[in-house]
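Listed here are the chains, written in short residue letters.
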Amino acid sequence: MLREEEREQQAPTEDFSAWLTYDYLRDDTPTRPVTSLTQSGEVFDAFCGLSDALCGNVPQNADAHRKPTTTLEQRAYIHTDALTLNATWDLNEDHSLFAVVGWRDSDEDAIQEFDGLGSDAGFFPFDGDFFWTQRPQELEQTSVELRWHGDWADSRIRTVAGVYYMESEYSLNQKTNSSAFFGVPGAPGTAVNSSQPQFEQEMESYAVFGQVDWDVTDRITISAGARYLKEEKWACG
């Protein structure tokens, strides 16, 4: 895994400052292979009749579970890039403006084989390709928040008001592959040997918010706030 963070600060005037942060993440750690724990009398014990390779080992059999076998390379990765901008502008001693802007792009994929079989399993027509999944995902989102902070009456009254906006796009293509459950490729009446539901979602969110804090005494503060939120989502899958 490789992760880096770069930050740059700018203060062109005494009243204004900004920080820009860039996050870089590259993780190509593969998924871990699995071994079978199926025991006699359990639901999937019926597959033991097809091949001894499908019969599991008890958890105490450490030697067997230390030597997992797979048909596929257990490839997986998550790649993320992100930018965050924080800015502050002091209008005067009592009033300030704040801005937070963020963008993130993430790309992820993982292949996981669940049958615990190697390519030399040699039974039925599966040749070890019995049950495995793949789940590529993509996410991109952007958010903006603007706030105004004000102090009144020697800071005994403090106010905050702001607006917020966020949009995101997400997609997932979950592939579940199994010749046993979905049919053998090329068999009569069988077009594919997998289930591949596609899911996509888009979202937009808007908000307006405000808060007032009033120090009635040194020990008593009255606070009142409100937030209006409107969110729209579109999803297909």
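Use the structure listed above.
Residues numbered from 1 in each chain as written. Predicted model: local features only at pLDDT ≥ 70, side-chain atom pairs only at ≥ 80, totals over all residues. Heavy atoms only, no water.

Considerations on the side chain of Gln134
In this fold, Gln134 is placed in strand E5 (residues 132-134). Here Gln134 falls in the buried class, since its relative accessible area comes to 11%. At 2.9 Å, the side chain of Gln134 forms a polar contact with the side chain of Asp109. Residues contacting Gln134, with those up to four places away along its chain left out, are Arg75, Asp109, Ala110, Ile111, Asn173, Gln174 and Lys175. (Helix = DSSP H or I, 4+ residues; strand = E, 2+ residues; numbered from the N terminus. Buried < 20%, exposed > 50% of the residue type's maximum accessible area, 1.4 Å probe, protein only. Polar contact = N/O pair within 3.5 Å; in protein donor to acceptor, adjacent residues only side chain to side chain. Contact = heavy atoms within 4.5 Å.)

Overview of the pattern of salt bridges
Enumeration over the complete set of coordinates arrives at 8 salt bridges. As a salt-bridge pair, Arg135 and Glu108 come within 2.9 Å of each other at their nearest N and O atoms. With Arg135 in the loop between E5 and strand E6 (137-152) and Glu108 in strand E4 (residues 95-113), this residue pair connects regions lying 27 residues apart in the sequence. A salt bridge links Asp215 to Arg158; the nearest nitrogen and oxygen atoms lie 2.8 Å apart. Pair noted here: Asp215 is in strand E10 (residues 198-215) and Arg158 is in strand E7 (residues 157-173), with a separation of 57 residues, a long-range link. Taking relative accessible area as the criterion, Asp215 reaches 17% and is therefore assigned buried. (Salt bridge = Lys/Arg side-chain N within 4 Å of Asp/Glu carboxyl O.)

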